[in-house]
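Single-letter residue listing:
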Amino acid sequence: MGKSALIVFLSLFLALANAPAALAAAQTNDSTVKKTAKTPASANKKAGAKARARKHAVIAARDSSNTASFNKNEKLVRKVVMVHGRRKVTYQRVAFAPAVPVLPPVLSAGEQAGLNLTHDPLELKSSVALVLDQNSSEVLLDKNSQIALPIASLTKLMTSMVVVEAKQDMNEVLTVTDDDIDREKHSGSRLRIGSQLTRADMLHIALMSSENRAASALGRNYPGGLPAFVAAMNAKAKALGMTEAHYVDSTGLSHLNVASARDLSRLVMAAYQHPVIRQYSTDAKYVVEPGGRPLQYSTSNHLVENREWQIGLQKTGYINEAGRCMVMQTTIDGRQIVMVFLDSRGKYSRQADADRVRKWLADSHPATLTRVKIADGQS
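One structure accompanies this document, and this report is about it. Quantities reported herein were computed from a predicted structural model and do not represent experimental measurements. (Residues numbered from 1 in each chain as written. Predicted model: local features only at pLDDT ≥ 70, side-chain atom pairs only at ≥ 80, totals over all residues. Heavy atoms only, no water.)

1. Topic: the overall build of the protein
A count of helical and extended segments in the protein gives nine helices and 13 strands. Expressed as a percentage of its 379 residues, the buried residues of the protein come to 40%. Long-range contacts, defined as pairs at least 24 residues apart, comprise 62% of the intrachain contacts of the protein with a sequence gap of at least 6. Carbon together with sulfur atoms contributes 55% to the accessible area of the protein, which is approximately 21,000 Å² in total. (Helix = DSSP H or I, 4+ residues; strand = E, 2+ residues; numbered from the N terminus. Buried < 20%, exposed > 50% of the residue type's maximum accessible area, 1.4 Å probe, protein only. Contact = heavy atoms within 4.5 Å. Areas by Shrake-Rupley, 256 points an atom, 1.4 Å probe, with all protein chains shown as cover.)

Structure (structure tokens):
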């Protein structure tokens, strides 16, 4: 082989030996070109992602700030909506009703004392009951009658006694003031502050419909004001032999107004001697005009409108501590009867107890029902 031929051969050999490396380099360069070509789009994509991240960070910061000012009845709700064909995320405050805790029932004073466990032949729902013959004072039914309990608006029966026996002008106009607002139980009233009614009208709706502001106004407008009125109430209770009774207001909203069923039977018989108390307490409806606009009041005792009953005097009462209470004077088969029911559970349970007693008296004509047995076997 000549020298020139050898040189050509060696050049070809080296070219063939370096071909794979050149090919790899070419591919690498091509890949680099392709990547370089795609760099603008990739950069845009990354930039967009960063922008969205910043946007969400701003929203999160804003929402976090807003959440700090939420009250306990608000929460943040995320919503996705379509705007011009694009998804848009929004956040809204939404108010929600908080869960209402289940509170245990409030026990009355009678229930706390276990009087509701007392059994009786008539299965009365009242923890305390007393039924007696008005003319002879003979006790026909006795259930825990000696125990003093809160009496709620039965108080207004004593309020009426003090007002009537004080012989104040029944035509005098009394005004409802801020002092008559119930700050004990925060109950409502149809008599607005500034309402004006005669003393007779105040007494009428206090007895018939248990109007608290009317009863309060009656006490305030007694000579010497409410303290003197309450003192007169307690003095009258003592005079009537109501040994367990005690009063602190003229409405009965305070649970400190207490009496036993025996005390209340004496009060009923004394109040029955006043025709105005009999009339006002047994009216079914009555219209008054405080401030020139008429208001119709209705009785708090639906038995008054029941033709099967002959009721000569009645009063109902209710606060949590007292339960449902009722006193009545009625005539059953020609016999004048006084009934007292205290600490009854259920809106109409006291009237239902009265119906049970009336049926029992009409059917069996009992002379006396001895003291019922208590749950633990004691009499």
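Moving on from the coordinates now.
2. Let's talk about helix α5 (residues 212-220)
Burial analysis of α5 places eight of its nine residues in the buried class, which makes it a mostly covered element. Considered for burial, the residues of α5 that qualify are N212, R213, A214, A215, S216, A217, L218 and G219. On its buried side, α5 packs onto α3 (155-165), β6 (173-175), α4 (199-209) and α6 (225-239). One side-chain oxygen of the residue at the start of α5 lies 3.1 Å from the amide nitrogen of R213, identifying that residue as E211. (Polar contact = N/O pair within 3.5 Å; in protein donor to acceptor, adjacent residues only side chain to side chain.)

3. Observations regarding the nonpolar core
Within the largest apolar cluster, 60 residues are counted, with the highest numbers of intra-cluster contacts made by L157, M158, M202, Y247, L264 and L267. The contacts of L157, once residues within four sequence positions are left out, are L207, L267, V268, A271, I277, L313 and V327. L122, V304, A354 and V357 belong to the second-largest nonpolar core, a separate cluster that totals 20 residues. (Core = buried A, V, L, I, M, F, W, Y, C linked by side-chain atoms within 4.5 Å.)

4. Examining the packing of aromatic side chains
Enumeration according to the criterion identifies one aromatic pair in this entry. An angle of 80° between the planes, with centres 5.2 Å apart, marks the rings of Y222 and F229 as edge-to-face. For Y222, a relative accessible area of 18% corresponds to the buried category. Between R278 and the ring centre of Y272, over which it is positioned, the NZ or CZ distance is 4.9 Å. Positioned over the ring face of W309 is R358, at 5.2 Å from the centre of the ring. (Phe/Tyr/Trp six-rings, centres within 6.5 Å; stacked < 30°, edge-to-face > 60°. Lys NZ or Arg CZ within 6 Å of the ring centre and 35° of its normal.)

5. A few points about the pairing of strand β12 (residues 323-332)
Counting buried positions along β12 yields nine of 10 residues, so the element is predominantly enclosed. Sheet analysis places strand β11 (residues 311-319) next to β12, joined by eight bridges and oriented antiparallel. Looking at the pairing, K315 lines up with V327 of β12. What sits between the antiparallel neighbours β11 and β12 is a turn of three residues. (Pairing = 2+ DSSP bridges.)

6. Points about the packing of α3 against helix α7 (residues 261-271)
What describes two packed helices is the angle between their axes and the distance between those same axes. Put simply, α3 and α7 touch, their axes get as near as 10 Å, and they point 40° apart. By the angle between their directions, the pair α3 and α7 is classed as oblique. Relative to α7, α3 is oriented so that their crossing is left-handed. From α3, L157, M158 and M161 reach across to α7, where they touch L267, V268, A270 and A271. Split into classes, the residues belonging to the contact of α3 with α7 amount to seven nonpolar, no polar and no charged. (Axes fitted to C-alpha atoms, helices over the stretch in contact; angles between N-to-C directions. Parallel < 35°, antiparallel > 145°, perpendicular 65-115°, else oblique. Left-handed = near helix turned anticlockwise from the far one by under 90°. Nonpolar A, V, L, I, M, F, W, Y, C, P; charged D, E, K, R; others polar.)

7. Comments concerning unusual backbone geometry
We note that N144 has phi near 55°; this positive angle belongs to a residue other than glycine. Its identity is not glycine, yet A152 carries a phi of approximately 50°, on the positive side. A152 sits in the buried class, given a relative accessible area of 0%.

8. Digging into the sheet that holds strand β13 (residues 335-344)
Spatial strand order, β4-β3-β13-β12-β11: five strands in an open sheet with antiparallel pairing. Both outer strands of the open sheet, β4 (139-143) and β11, are each paired with one neighbouring strand and no more. The average undirected angle you get between the axes of adjacent strands in this sheet is 10°.

9. A look at the pattern of salt bridges
As enumerated under the stated definition, the model contains 12 salt bridges in all. Among the ionic pairs, K236 bridges to E165, the shortest N-O distance being 3.0 Å. One end of the pair, K236, is in helix α6; the other, E165, is in helix α3, with 71 residues separating them in the sequence. A residue is classified by how much of its surface remains accessible, and E165, at 35% relative accessible area, is partly exposed. Among the charged side chains, a network of salt bridges with common partners joins D133, E138 and R335. (Salt bridge = Lys/Arg side-chain N within 4 Å of Asp/Glu carboxyl O.)

10. Re the environment of A109
Among the structural elements, A109 can be located in helix α2 (residues 109-112). Placed 146 residues apart in sequence, A109 and H255 show a C-alpha to C-alpha distance of 9.1 Å. Setting aside residues up to four positions removed in sequence, A109 forms contacts with L149, P150 and E321.

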